[in-house]
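Chain residues, written in single-letter form:
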Amino acid sequence: MPSPSHTRIGSGFVSAVIGLVAAMIVMDAVSAEDTAGLRTYTGRRKIQLWPIEQQQPNTEEVGRPITLGNWTYQASRAAVPRDGVPWELIVTPTGPGAETWKKGEARALLPGLTAEFRGAEMPTKIADALPVIQLPDTLWKKWMAPDLQDVVGIHFHTMVTDDQARILYTLHKVPPDNPDGTSGMPESSAPPVGTRIEATLLAPVTYCLDQTIIVREDPHDRQRVRSRGEHELSHAEISQQVLVAVLRGPQDWDPIRGTGRRSQVSYYWKREQIGRAWQGYRDGSGKVLALRTSIVLVPPTRWSMLLPIPPERVTHKHLERFNESIVLVGESFAATDRLAQERFHAEHGEYE
């Protein structure tokens with residue numbers, strides 16, 4: 001059965017990182033929403049990163065939480081420091097509606113996806129929240145598009161985002177120089193000098209998945225109608241997992257070759273029912289019940305990428321491509337979702 005997807009994405013903006021200790025805060029260029037509620041201007045902000053031992057900060061001040069908008073920010077020492085990052089920025093929801101956000105966890109390998117993607121599981125199944133709309137045959141013929149007349153069930157879905165992404169990009173030499181200042185050039189048997197790019201999320205950013213399921217009624221066989229709904233709910237569950245998988249990005253880190261990506265993703269999620277129009281249903285003019293699953297990425301989310309070239313050869317184009325792969329995930333979602341749904345049909349059939 002067809003599973004239409006109409007993806008709308010926000011545009012990304014990236015600034016070149018100069019040197020190994022200077023960095024830029026990168027923000028979305030054009031946005032209508034701002035989950036973080038920081039009301040900052042779009043553009044480039046140059047900052048200086050100093051080694052923590054030179055700062056000698058007041059520990060109580062560094063760890064003191066602050067609330068901006070509906071989010072609380074707190075710097076804390078990393079439980080498992082990685083890549084020389086001893087501190088992490090932790091962001092949690094607060095204020096009105098904070099209880100509606102549930103903590104998510106990315107863990108399981110999603111069946112039907114290529115190995116470099118990792119999926120996610122929600123504590124509650126989507127079948128508990130997504131209603132299956134049953135449409136009589138006469139209305140199906142009247143309201144559904146001509147190319148949908150021969151199907152018995154459909155899963156309308158789309159990824160929606162129009163938010164600001166605030167990301168800090170830094171470059172790191174691999175392997176790093178020695179503490180005494182001498183070069184960390186590898187031995188002949190070790191990997192060549194490369195660059196690690198870190199993209200650190202600084203504030204919450206939201207991505208949404210809208211889904212509607214409509215099945216054709218069969219007055220003579222209610223069990224058949226129920227099975228049609230279960231089939232489409234399986235499609236909906238896959239799309240939900242795909243969304244988190246593409247937000248995490250590929251997990252194909254290869255330090256031997258000096259290539260690949262990895263990430264640590266922290267997120268909250270919630271679901272709500274909305275009314276929205278779909279192309280293919282009543283010519284896109286009539287609204288129908290839909291389930292919106294919102295996923296908000298929060299610090300300490302961080303994406304990492306290896307390049308088999310020294311830092312001085314990293315260009316604006318390298319950073320721009322990395323930034324777009326993180327922020328502009330619409331095409332990746334559409335392609336990954338299509339492959340996962342095709343795998344599901346190959347394994348379970350197209351029902352009727």
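Here the residue index of a chain counts from 1 through its sequence in written order. The predicted origin of the model limits local features to residues at a pLDDT of at least 70 and limits the giving and counting of side-chain atom pairs to 80 or more, whereas totals for whole chains, interfaces and linings rest on all residues. To obtain the side-chain values, all non-hydrogen atoms of the structure were used and water was disregarded.

A. View of the overall build of the protein chain. Elements are defined by DSSP. Helices are runs of H or I of four residues or more, strands are runs of E of two residues or more, and each kind is numbered from the N terminus. Broken down by element type, the protein chain carries six helices and 13 strands. A buried classification covers 45% of the 352 residues belonging to the protein chain. Here the accessible surface of atoms and residues is derived via Shrake-Rupley with a 1.4 Å probe, and residues count as covered only by protein chains that are part of the display. In the structure as shown, the protein chain presents an accessible area of about 17700 Å², 52% of it carried by carbon and sulfur atoms. Per-residue accessibility, obtained with a 1.4 Å probe over protein chains only, is compared with the maximum for each type, and a residue is labelled buried under 20%, exposed over 50%, and partly exposed between these values.

B. Spatial organisation of the nonpolar core. In this text, buried Ala, Val, Leu, Ile, Met, Phe, Trp, Tyr and Cys residues form a nonpolar core when linked through side-chain atoms within 4.5 Å. One finds Ile167, Tyr169, Ile197, Leu297, Trp303, Phe322 and Ile326 to be the most contacted residues of the largest nonpolar core, which totals 35 residues. Broken down by secondary-structure element, the contributors of at least two residues to this core are β9 (167–174), β10 (194–201), β11 (205–216), α4 (222–248), β12 (260–277), β13 (287–307), α5 (316–327) and α6 (330–348). Whether two residues are in contact is decided by their heavy atoms, any of which lying within 4.5 Å being enough. Once residues lying within four places of it in the same chain are set aside, the contact partners of Leu297 are Leu201, Ala203, Pro204, Val205, Tyr207, Leu247, Val265, Ser266, Tyr267 and Trp303. Met144, Val151, Ile214 and Trp278 belong to the second largest nonpolar core, which has 13 residues in total.

C. Quick peek at α4. Helices are assigned an expected span. That span is 1.5 Å times one less than the residue count. In this model α4 runs 40 Å from its N-terminal to its C-terminal C-alpha over 27 residues, within 8% of the 39 Å that 1.5 Å per residue would give. The buried count for α4 comes to 21 of 27 residues, which makes it a mostly enclosed element. Contacts described as polar in this section are N or O atom pairs within 3.5 Å, which, within protein, must combine one atom able to donate a hydrogen with one able to accept it, while residues neighboring in sequence count only if both atoms come from side chains. You can read the cap of α4 off the contacts: a side-chain oxygen lies 3.2 Å from the backbone nitrogen of Gln223, and it is on Asp221. A positive phi of about 85 degrees marks Gly249, the residue just after α4.

D. Examining the pattern of salt bridges more closely. Within this document, salt bridges are pairs made up of a side-chain nitrogen of Lys or Arg and a carboxyl oxygen of Asp or Glu, the two lying within 4 Å of each other. The final tally for this structure, using the stated rule, is eleven salt bridges. We note a salt bridge from Lys141 to Asp137, for which the minimum N-O separation is 3.2 Å. Taken together, the residues Lys141 and Asp137, both in helix α3 (residues 137–143) and four residues apart, mark about one turn of the helix. Classification of Lys141 by relative accessible area gives exposed; the value is 53%. Given a relative accessible area of 29%, Asp137 falls into the partly exposed group. A salt bridge links Arg302 to Glu198; its shortest N-O distance comes to 2.9 Å. Taken as a pair, Arg302 in strand β13 and Glu198 in strand β10 lie far apart in primary sequence, 104 residues in all.

E. Spotlight on the confidence of the model for the protein chain. Confidence scores here are pLDDT values: one per residue, from the predictor, ranging 0 to 100. Averaged over all residues, the pLDDT of the protein chain is 79; the fraction at 70 or higher stands at 73%. With pLDDT under 50 throughout, residues 1–31 is counted as low confidence; its partners more than four residues away or in other chains account for 127 contacts. The low-confidence segment residues 51–55 (pLDDT under 50) makes four contacts with residues lying over four places distant or belonging to another chain.

F. Spatial organisation of the packing of aromatic side chains. Any Phe, Tyr or Trp ring, taking Trp's six-membered ring, that has another such ring centre within 6.5 Å forms a pair; planes under 30 degrees apart are called stacked, those over 60 apart edge-to-face, and the others tilted. Counted under the stated rule, the structure contains four aromatic pairs. Aromatic pair Trp71 and Trp101: ring centres 6.2 Å apart, planes at 50 degrees, arrangement tilted. Here Trp71, found in strand β4 (residues 71–82), pairs with Trp101, found in the loop between β5 (85–93) and β6 (102–103); they are 30 residues apart in sequence, far enough to count as distant. Summarising the burial analysis for this pair, Trp71 and Trp101 share the class buried. Whether a charge lies above a ring is judged from NZ of Lys or CZ of Arg, which has to be within 6 Å of the ring centre and within 35 degrees of the ring normal. Just above the ring of Tyr268 sits the side chain of Lys103; from NZ or CZ to the centre is 5.3 Å. It is Arg262 that lies over the ring of Trp253; its NZ or CZ is 3.8 Å from the centre.

G. Spatial organisation of the packing of α4 against α6. In this analysis, axes come from line fits to C-alpha atoms, helices being fitted only over the stretch in contact, and the angle between any two N-to-C directions falls in the range 0 to 180 degrees. Across the interface, α4 lies against α6 with an axial gap of 9 Å and an inter-helix angle of 140 degrees. The orientation of α4 relative to α6 falls into the category oblique. Where α4 crosses over α6, the handedness of that crossing is right-handed. Residues His231, Ser234, His235, Ile238, Ser239, Val242, Leu243 and Val246 of α4 pack against Ser332, Phe333, Thr336, Asp337, Ala340, Gln341, Phe344 and His345 of α6. Split into classes, the residues belonging to the contact of α4 with α6 amount to seven nonpolar, eight polar and one charged. Throughout this description, any angle smaller than 35 degrees is read as roughly parallel, any larger than 145 degrees as roughly antiparallel, any in the 65 to 115 degree range as roughly perpendicular, and the remainder as oblique. The hand of a helix crossing depends on one turn: near helix anticlockwise from the far one by less than a right angle means left-handed, and clockwise means right-handed. The residue classification treats Ala, Val, Leu, Ile, Met, Phe, Trp, Tyr, Cys and Pro as nonpolar and Asp, Glu, Lys and Arg as charged. All others, Gly included, are polar.

H. Molecular detail of α6. Its 19 residues give α6 an end-to-end C-alpha distance of 27 Å, which sits within 8% of 27 Å, the value for a rise of 1.5 Å per residue. Those residues of α6 that fall on the buried side of the exposure criterion are Gly330, Phe333, Thr336, Asp337, Ala340, Gln341, Phe344 and His345. Next to the buried residues of α6 lie β8 (153–160), β11 and α4.

I. Region of interest: the sheet that holds strand β3 (residues 66–68). One bridge is not enough; two strands pair if DSSP finds at least two bridges between them. Strand order in the open sheet formed by three strands is β3-β4-β5, and the pairing between neighbours is antiparallel. Each having just a single partner strand, β3 and β5 make up the two edges of the open sheet. Along the sheet, successive strands turn relative to each other by an average axial angle of 45 degrees, direction set aside.

J. Spatial organisation of the environment of Leu297. Looking at the element boundaries, Leu297 is found in strand β13. Residue class for Leu297 comes out buried when judged on its relative accessible area of 2%. Counting along the chain gives 94 residues from Leu297 to Ala203, while the straight-line C-alpha distance between them is 8.2 Å.

K. Inspection of the pairing of β10 at higher detail. For β10, the buried fraction is high: seven of the eight residues fall into the buried class. Here eight bridges tie β9 to β10, and the two strands are oriented antiparallel to one another. When the sheet's bridge partners are listed, Leu171 is paired in β10 with Ile197. Alignment of β10 against β13, held across six bridges, turns out to be antiparallel.

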